[in-house]
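Summary of the model geometry
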Amino acid sequence: MTLPLDLPGLEKAPASSVKTRGWPSLMRTVREKQALVITNHNHPEAVIVDIRTYQELLARAAGGEAEERSDVLGRLRAEFDQALAGLQQGGLGKVVGKPIRRGHKVALGRPL
């Protein structure tokens, strides 16, 4: 997974600050700012949150958003099935049934 190099609104600290500032200082920042991005050579490596925030994130991921994820997946599944049906009705059979010849252009369908 590729992460964005900039996480706006979040305090950033280099990984070496764990040694230089010490853990208690970093945790004070976490309590004040709710999160702290730990970077390594200016690239985000980790986000530190306090235990309450972590528990809230777990609860949100496991509970209330399950229906929303289900709706999104259902919509994507319907779009994919519609695109697949279009291919199976003729487009895919025509392409697969013919040998590939040099010099002919491939007609692209709509992206999924």
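This text gives an overview of the structure that appears in the document. (Residues numbered from 1 in each chain as written. Predicted model: local features only at pLDDT ≥ 70, side-chain atom pairs only at ≥ 80, totals over all residues. Heavy atoms only, no water.)

Section: the pattern of salt bridges
Two side chains that carry opposite charge are able to pair once their charged atoms sit near each other. Counted under the stated rule, the structure contains one salt bridge. Taking the shortest distance from any N to any O, the salt bridge between glutamate 79 and arginine 75 comes out at 3.4 Å. Placement of both glutamate 79 and arginine 75 in helix α4 (residues 65–97) is noted, with a separation of four residues, approximately one turn of the helix. A relative accessible area of 35% means that glutamate 79 is categorised as partly exposed. Assessed through its relative accessible area of 46%, arginine 75 is described here as partly exposed. (Salt bridge = Lys/Arg side-chain N within 4 Å of Asp/Glu carboxyl O. Helix = DSSP H or I, 4+ residues; strand = E, 2+ residues; numbered from the N terminus. Buried < 20%, exposed > 50% of the residue type's maximum accessible area, 1.4 Å probe, protein only.)

Digging into the side chain of threonine 39
Relative to the assigned elements, threonine 39 resides in strand β2 (residues 36–40). Apart from the residues lying within four places of it in its own chain, the contact partners of threonine 39 are Lys12, Ala13, Pro14, Ala15, Pro44 and Glu45. (Contact = heavy atoms within 4.5 Å.)

Section: the environment of valine 49
Position of valine 49 among the secondary structure elements: in the loop between β3 (43–48) and α3 (51–62). In the structure, valine 49 is positioned 15 residues away from glutamine 34 in sequence and 6.2 Å away in space, judged by C-alpha atoms. Among residues more than four places away in sequence, those in contact with valine 49 are Val30, Gln34, Ala35 and Tyr54.

Description of the nonpolar core
In terms of nonpolar packing, the biggest core is built from seven residues, these being Ala13, Leu26, Met27, Val30, Leu36, Ile38 and Ile48. Going through the elements one at a time, α2 (23–33) and β2 are the ones with two or more residues in this core. The element best represented in this core is α2, accounting for three residues. Non-local contacts of alanine 13, meaning those with residues more than four positions away in its chain, are made with Arg21, Leu26, Leu36, Val37, Ile38 and Thr39. (Core = buried A, V, L, I, M, F, W, Y, C linked by side-chain atoms within 4.5 Å.)

Here we look at the sheet that holds strand β1 (residues 11–14)
Strand order in the open sheet formed by three strands is β1-β2-β3, with mixed pairing between adjacent strands. Of all strands in the sheet, those with a lone pairing partner are β1 and β3, marking the two edges. In this sheet, adjacent strand axes meet at a mean angle of 35 degrees when their direction is disregarded. Relative to β2, β1 runs parallel, the two being bridged by four bridges. Paired with proline 14 across the two strands is threonine 39, which belongs to β2. (Pairing = 2+ DSSP bridges. Axes fitted to C-alpha atoms, helices over the stretch in contact; angles between N-to-C directions.)

So, α2
Where α2 is concerned, the buried positions are Ser25, Leu26, Met27, Thr29 and Val30. On its buried face, α2 sits against β1, α1 (17–20), β2 and β3. A positive phi of about 75 degrees marks glutamine 34, the residue just after α2.

Structural notes on the environment of leucine 10
Examined against the element boundaries, leucine 10 turns out to sit in the segment before β1. When sequence neighbours within four positions are dropped, the list of residues in contact with leucine 10 reads Ala35 and Val37.

Some details on a nonpolar patch on the surface
On the surface, Ile51, Tyr54 and Leu58 cluster together into a nonpolar patch covering about 310 Å² of accessible area. Here isoleucine 51 lies in helix α3. Accessibility expressed as a relative area gives 56% for isoleucine 51, which makes it exposed. (Patch = residues over 30% accessible without salt bridge, like charges linked within 9 Å, V, L, I, M, F, W, Y side chains within 5 Å. Areas by Shrake-Rupley, 256 points an atom, 1.4 Å probe, with all protein chains shown as cover.)

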